[in-house]
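Architecture at a glance
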2 protein chains.
Amino acid sequence: MDPHDLHIPRETVSLRQQVTDRLREAILYGGFEPGEKLIERELCDRLGISRTLLREALQHLQAEGLIVTVPHKGPSVARITEEEAREIYQVRGALEALAAEGFARHAPDAQVRRLRLHLNYLHTPDAAANILAAKNGFYDILLEGCGNRVVGKILTQLNNRITLLRRYSLSHPGRLPETLRELAEVVSAIEARDPEAAGRLCALHVARAAEVVAKGFAAATQPHT
Amino acid sequence: MDPHDLHIPRETVSLRQQVTDRLREAILYGGFEPGEKLIERELCDRLGISRTLLREALQHLQAEGLIVTVPHKGPSVARITEEEAREIYQVRGALEALAAEGFARHAPDAQVRRLRLHLNYLHTPDAAANILAAKNGFYDILLEGCGNRVVGKILTQLNNRITLLRRYSLSHPGRLPETLRELAEVVSAIEARDPEAAGRLCALHVARAAEVVAKGFAAATQPHT
DNA sequence: TCTCACATTTTGTCTGACAATCTGTCAATC
DNA sequence: GATTGACAGATTGTCAGACAAAATGTGAGA
């Protein structure tokens, strides 16, 4: 981009960094259950690293809210309570609105087009096969173009925590069409360069998603009604 | 409260936790400069702990954004760029609005009164002596009563990062009266149980504070204009 | 003054250790 | 048979020391 930027990206990714990323990935998509106990020695063996390093990585993930540690009982995958989920969705609503607003205001036209393209892609059966990753792709574009990396980072972390609830939220797969319709409205507002509308629609979208999750919780707690 | 809740609060605070807190405190209020290099062995000696433990604490603080680590150069106190500060204030605006809104909606009357009392306290010379701590007290009440602990945690972290800029923002000490006026308006809206107004006023307050910091930045970069 | 080789410092990671605590088991008791 | 208690094993919390790799500082030589 900037011809003056001769910065060479330092490709040295410390082992610790890799461990942290791997572990995060494993917790989010690798079949660990919320509440599951993480036994250090076992993880060390599976990752092929020392306990020192593992514990550093665990500290990082703890700060991200993905694991919790009880003294002398050790780390376990975080449990998201219903209330906490509601709170997270509330924050997410406010911040995604901010992101959409920023995107409508600052993103270059090319990026707006990319967003539209990705939305189209979301309609394909290809995307439906791995809808989680596909939706994340959409958000990645949104966060990248909103001109506020801080909001991006926070939303990513919140999103990770919500991913722990996959169990509940994916129990309503029928919502996809609505989701796409809502996102389409957001994209339209962005194309119209109407930040206020984009923000409002985005917040609305999140609020709807929150409702679905709340229902998922209710269904999980009282399964036979 | 609940007579069935016989839970005994586990007072065991792990040494690591204490180290993390101490270190955070030291970075925020203990005279470390943004960008200052943190030498592990030295900190170990000063804290009287092993390197193992120190590095775990550092990982935690790194995840909180208070320190950054360059491979093979080690940790240093994070530097907040002007752009990042702007971004943080933007997020803070959105989230504090959310908090004020929630407070106006959910906080019991007693807590609203506590907020008003603390606002009055902020006018005393006693509070002015340590205005940073006094203002934090105000926010603590706000965050406690807003009914959303997630927002509280995020705002605390953002606030910590902003504290690293103390240098710039405190260069405008004359703003205190305005600050108090703005906060008074927020409290009034809360007392009137008008969430929408409380949120809007709170966001406005943050936006004003952001301007001041931006000016502080400008003054620091071009000192002689 | 600049440059380059070298010594020193600091980081990244590993290993092994040990006390404190938790957990599971199994016998003794009611 | 259910409960209790004691004990052994597993796991965590923390330390000390080690060593290679990289960064930094230093002094000799151009």
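Scroll up for the structure.
The paragraphs below set out a description of the structure included in this document. Because the structure is predicted, anything quoted here is derived from the model rather than measured. (Residues numbered from 1 in each chain as written. Chains lettered and ligands numbered in written order. Predicted model: local features only at pLDDT ≥ 70, side-chain atom pairs only at ≥ 80, totals over all residues. Heavy atoms only, no water.)

To continue, consider the relation of the copies chain B and chain A. Between the two copies of the chain lies a relationship made up of a rotation around an axis and a movement along it. Expressed as a screw transformation, the operator carrying chain B onto chain A has a rotation angle of 180° and an axial translation of 0.0 Å, and the superposed copies differ by an RMSD of 0.1 Å. These values place the two chain copies in the arrangement generated by a two-fold rotation axis. (Least-squares fit on C-alpha atoms with pLDDT ≥ 70 in both.)

This brings us to the layout of surface pockets. Think of a ball as big as a water molecule: rolled over the atoms, this probe shows where empty space is left. Reported here for the second largest pocket is a volume of approximately 1,100 Å³. Lining of the second largest pocket is provided by 46 residues; of these, Gly93, Ala94, Ala97 and Leu98 of chain A together with Ala94 of chain B occupy positions nearest its centre. Counting only elements with at least two residues in the lining of the second largest pocket, the list comes to α4 (82-106) and α11 (195-221) of chain A together with α4 (82-106) and α11 (195-221) of chain B. With 14 residues, α4 of chain A is the largest single contributor of residues to the lining of the second largest pocket. (1 Å grid on protein atoms, 1.4 Å probe; cavity = no way out; pocket = protein on both sides within 12 Å on 5 of 7 lines; lining within 4 Å. Points joined across faces, edges and corners; volume = space filled by probe spheres on them. Helix = DSSP H or I, 4+ residues; strand = E, 2+ residues; numbered from the N terminus.)

Moving on, we come to the packing of aromatic side chains. Residues and elements named next belong to chain A. Throughout the structure, instances matching the rule amount to 2 aromatic pairs over all chains. Ring centres of phenylalanine 138 and tyrosine 139 lie 5.9 Å apart, and the angle between their planes is 85°; this geometry places the pair in the edge-to-face category. On the accessibility criterion, phenylalanine 138 (2% relative accessible area) is buried. A relative accessible area of 11% means that tyrosine 139 is categorised as buried. The positively charged end of arginine 92 is found above the aromatic ring belonging to tyrosine 139, 5.8 Å away from the centroid. (Phe/Tyr/Trp six-rings, centres within 6.5 Å; stacked < 30°, edge-to-face > 60°. Buried < 20%, exposed > 50% of the residue type's maximum accessible area, 1.4 Å probe, protein only. Lys NZ or Arg CZ within 6 Å of the ring centre and 35° of its normal.)

Looking at DNA strand D, there are 21 residues lining it, with Arg51 and Arg55 of chain A together with Leu15, Ser50 and Lys73 of chain B nearest. Of everything in DNA strand D that lies within 4 Å of the protein, sugar and phosphate atoms constitute 72%. Between DNA strand D and glutamate 40 of chain A, the relevant distance is 3.5 Å, taken from a phosphate oxygen to a main-chain nitrogen or oxygen of the residue. Contact distances for DNA strand D include 2.7 Å between a phosphate oxygen and a side-chain N or O atom of serine 50 of chain B. Of all the secondary-structure elements, those providing two or more residues to the surface near DNA strand D are α2 (40-47) and α3 (51-63) of chain A together with α1 (15-29) and α3 (51-63) of chain B. Here the element with the most residues in the surface near DNA strand D is α3 of chain B; it accounts for 3 residues. In terms of residue class, the surface near DNA strand D is built from 6 nonpolar, 6 polar and 9 charged. (Near = heavy atom within 4 Å. Polar contact = N/O pair within 3.5 Å; in protein donor to acceptor, adjacent residues only side chain to side chain. Nonpolar A, V, L, I, M, F, W, Y, C, P; charged D, E, K, R; others polar.)

In the region of DNA strand C, 22 residues are neighbours, and Leu15, Ser50 and Lys73 of chain A together with Arg51 and Arg55 of chain B sit closest. A breakdown of the atoms of DNA strand C within 4 Å of the protein gives sugar and phosphate a share of 68%. Here a phosphate oxygen of DNA strand C and a backbone polar atom of leucine 38 of chain B are 3.4 Å apart. Side-chain polar atom of arginine 51 of chain B to a base oxygen of DNA strand C: 2.9 Å apart, as the coordinates give it. Those elements giving two or more residues to the surface near DNA strand C turn out to be α1 (15-29) and α3 of chain A together with α2 (40-47) and α3 of chain B. Sorting elements by how many residues they give to the surface near DNA strand C places α3 of chain A first, with 3 residues.

Opposite the 27 residues of chain B that make contact, chain A presents 27 residues. Summing the contributions of chain B and of chain A, the shared interface buries around 2,700 Å²; its carbon and sulfur component is 58%. If you sort the residues of chain B by the area they bury against chain A, Gln59, Glu87 and Val150 of chain B come out on top, with a joint share of 20%. Seen at the junction of chain B and chain A, the total is 4 salt bridges. Between glutamate 83 of chain A and arginine 149 of chain B there is a salt bridge, with its nearest N and O atoms 3.2 Å apart. Counting the contacts that link chain B with chain A gives 16 residue pairs in polar contact (both at pLDDT 80 or more). Residue contributions to the side of chain B that touches chain A peak at 9 residues, all from α4 of chain B. Its residues assigned to classes, the side of chain B that touches chain A comprises 11 nonpolar, 8 polar and 8 charged. (Contact = heavy atoms within 4.5 Å. Buried area = accessible area lost by both parts, 1.4 Å probe. Salt bridge = Lys/Arg side-chain N within 4 Å of Asp/Glu carboxyl O.)

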